[in-house]
Amino acid sequence: MNIVEAREGGVLVLSPQGRLDSNTAKLFEAALMGKIDGGDRRILVDFGQLDYISSAGLRVILMGAKKLKSLNGRFALSSLSENIREVFDISGFSAILEIHGDRSSAVAAMS
């Protein structure tokens, strides 16, 4: 897994590429928590290049969202493919996380 990082309108955008599963979740967790611990309070995870997410990946997303919420930060997701959106819908995460159709509308909403 590769994680591309960018800043847009005061929002940190993390774009995991490939698979977010039990083999890569620790890497993504370290990157996400490191950014939160480093002071980032508005984080968007762009799933445009993500092919697959497992329960291990969902756990990391939930941990990041909860931690940012406790710090009065903002956490959102964008660009979920149909199969990844289905995982979020089935798990109930769609109801508790901020999800945007595309990266630009997410950044605009968060800026």
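Placed above this text is the structure.
Below, the structure is looked at part by part. Counting restarts for each chain: residues are numbered from 1 in the order of the written sequence. Totals for whole chains, interfaces and linings use all residues, but because this is a predicted model, local features are given only for residues with pLDDT of at least 70 and pairs of side-chain atoms are given and counted only at 80 or more. Only hydrogens and water are removed before side-chain values are computed, so all heavy atoms of the structure are retained for them.

### A word on the nonpolar core
Argument step 1. To define a nonpolar core, start from buried Ala, Val, Leu, Ile, Met, Phe, Trp, Tyr and Cys residues and group those joined through side-chain atoms within 4.5 Å. Relative accessible area decides the class of each residue, using a 1.4 Å probe on protein chains only: under 20% of the type maximum gives buried, over 50% gives exposed, and in between gives partly exposed. If you look at the biggest cluster of nonpolar residues, it comprises 27 residues, and the most contacted ones within it are F47, I61, F75, L77 and F88.
Argument step 2. Every element with two or more residues in this core is listed here: strand 2 (11-20), helix 1 (25-37), strand 3 (42-46), strand 4 (50-53), helix 2 (55-70), strand 5 (74-78) and helix 3 (82-91).
Argument step 3. Helix numbering and strand numbering both begin at the N terminus, where a helix is a DSSP run of H or I of at least 4 residues and a strand a DSSP run of E of at least 2. Broken down by element, the residue count for this core peaks at six residues, all from helix 2.
Argument step 4. Here a residue-residue contact requires only that any non-hydrogen atoms of the pair lie within 4.5 Å. Setting aside residues no more than four positions away along its own chain, F75 makes contact with L32, I43, V45, I61, G64, A65, L68, L97, E98 and M110.
Argument step 5. Counting seven residues, the second-largest nonpolar core is a separate cluster that includes V11, V13, L44 and V107.

### Focus: the packing of helix 1 against helix 2
Geometry of a packed helix pair, given as the angle between the helix axes and the separation of the axes.
Argument step 1. Where helix 1 contacts helix 2, the two axes come as close as 9 Å, and the packing angle between them is 10 degrees. With respect to their mutual orientation, helix 1 and helix 2 come out roughly parallel. Of the residues in helix 2, those touching helix 1 at A25, K26, F28, E29, L32, M33, I36 and D37 are A56, G57, R59, V60, I61, M63, G64, K67 and L68.
Argument step 2. Of the residues belonging to the contact of helix 1 with helix 2, the class tally is 10 nonpolar, two polar and five charged. Between the N-to-C directions of two axes lies an angle of 0 to 180 degrees, each axis being a line fitted to C-alpha atoms and, for a helix, fitted only over the stretch in contact. Roughly parallel means an angle under 35 degrees; roughly antiparallel, over 145; roughly perpendicular, 65 to 115; everything else is oblique. Gly falls in the polar group here, along with every residue not listed as nonpolar (Ala, Val, Leu, Ile, Met, Phe, Trp, Tyr, Cys, Pro) or charged (Asp, Glu, Lys, Arg).

### Some thoughts on the side chain of S78
Argument step 1. Among the secondary structure elements, S78 is positioned in strand 5.
Argument step 2. Residues within four places of S78 in sequence aside, it is in contact with L44, V45, D46, F47, G48, H100, D102, R103 and A106.

### Details of the pattern of salt bridges
Argument step 1. The salt bridge definition used is simple: a Lys or Arg side-chain nitrogen within 4 Å of an Asp or Glu carboxyl oxygen. This structure, assessed with the given rule, holds 10 salt bridges.
Argument step 2. A salt bridge links R7 to D40, with the nearest nitrogen and oxygen atoms 2.7 Å apart. In this pair, R7 is assigned in strand 1 (residues 2-8) and D40 in the loop between helix 1 and strand 3, connecting sequence segments 33 residues apart.
Argument step 3. Since its relative accessible area comes to 52%, R7 is described here as exposed.
Argument step 4. When the shortest N-O distance is used, the salt bridge between D46 and R103 registers 3.3 Å. With a gap of 57 residues between them, D46 in strand 3 and R103 in helix 5 (residues 103-110) connect regions that are remote in the sequence.
Argument step 5. Since its relative accessible area comes to 24%, R103 is described here as partly exposed.
Argument step 6. Each of E8, D46 and R103 takes part in salt bridges that share partners, so that together they form one network.

### Here we look at the side chain of D40
Argument step 1. Note on D40: relative accessible area 13%, which makes it buried.
Argument step 2. Between N or O atoms, a polar contact is any pair within 3.5 Å; within protein, one atom must be a potential hydrogen donor and the other a potential acceptor, and residues adjacent in sequence are included only when both atoms are from side chains. A polar side-chain atom of D40 sits 2.7 Å from a polar atom in the side chain of R7.
Argument step 3. When residues no more than four places from it in sequence are discounted, the contact partners of D40 are R7, L12, K35 and L68.

### Points about the packing of aromatic side chains
Argument step 1. Each aromatic pair joins two rings of Phe, Tyr and Trp (for Trp, the six-membered one) with centres within 6.5 Å, and gets the label stacked for planes under 30 degrees apart, edge-to-face for over 60, and tilted for any other angle. Here the structure, examined in full by the defined rule, presents two aromatic pairs.
Argument step 2. On the basis of an interplanar angle of 45 degrees and a centroid distance of 5.9 Å, the ring pair of F47 and F88 is categorised as tilted. Of the two residues, F47 is situated in the loop between strand 3 and strand 4 and F88 in helix 3; the sequence distance between them amounts to 41 residues. Of the two residues, F47 and F88, both sit in the buried class.
Argument step 3. An aromatic cluster of at least three residues, connected via ring pairs, comprises F47, F88 and F93.
Argument step 4. Geometry around Y52 places R19 over its ring, the cationic atom sitting 4.1 Å from the centre. Only when the NZ atom of a Lys or the CZ atom of an Arg is both within 6 Å of the ring centre and within 35 degrees of the ring normal do we say a charge sits over the ring.

In short, the description is geometric, and any link to function would need to be established separately.
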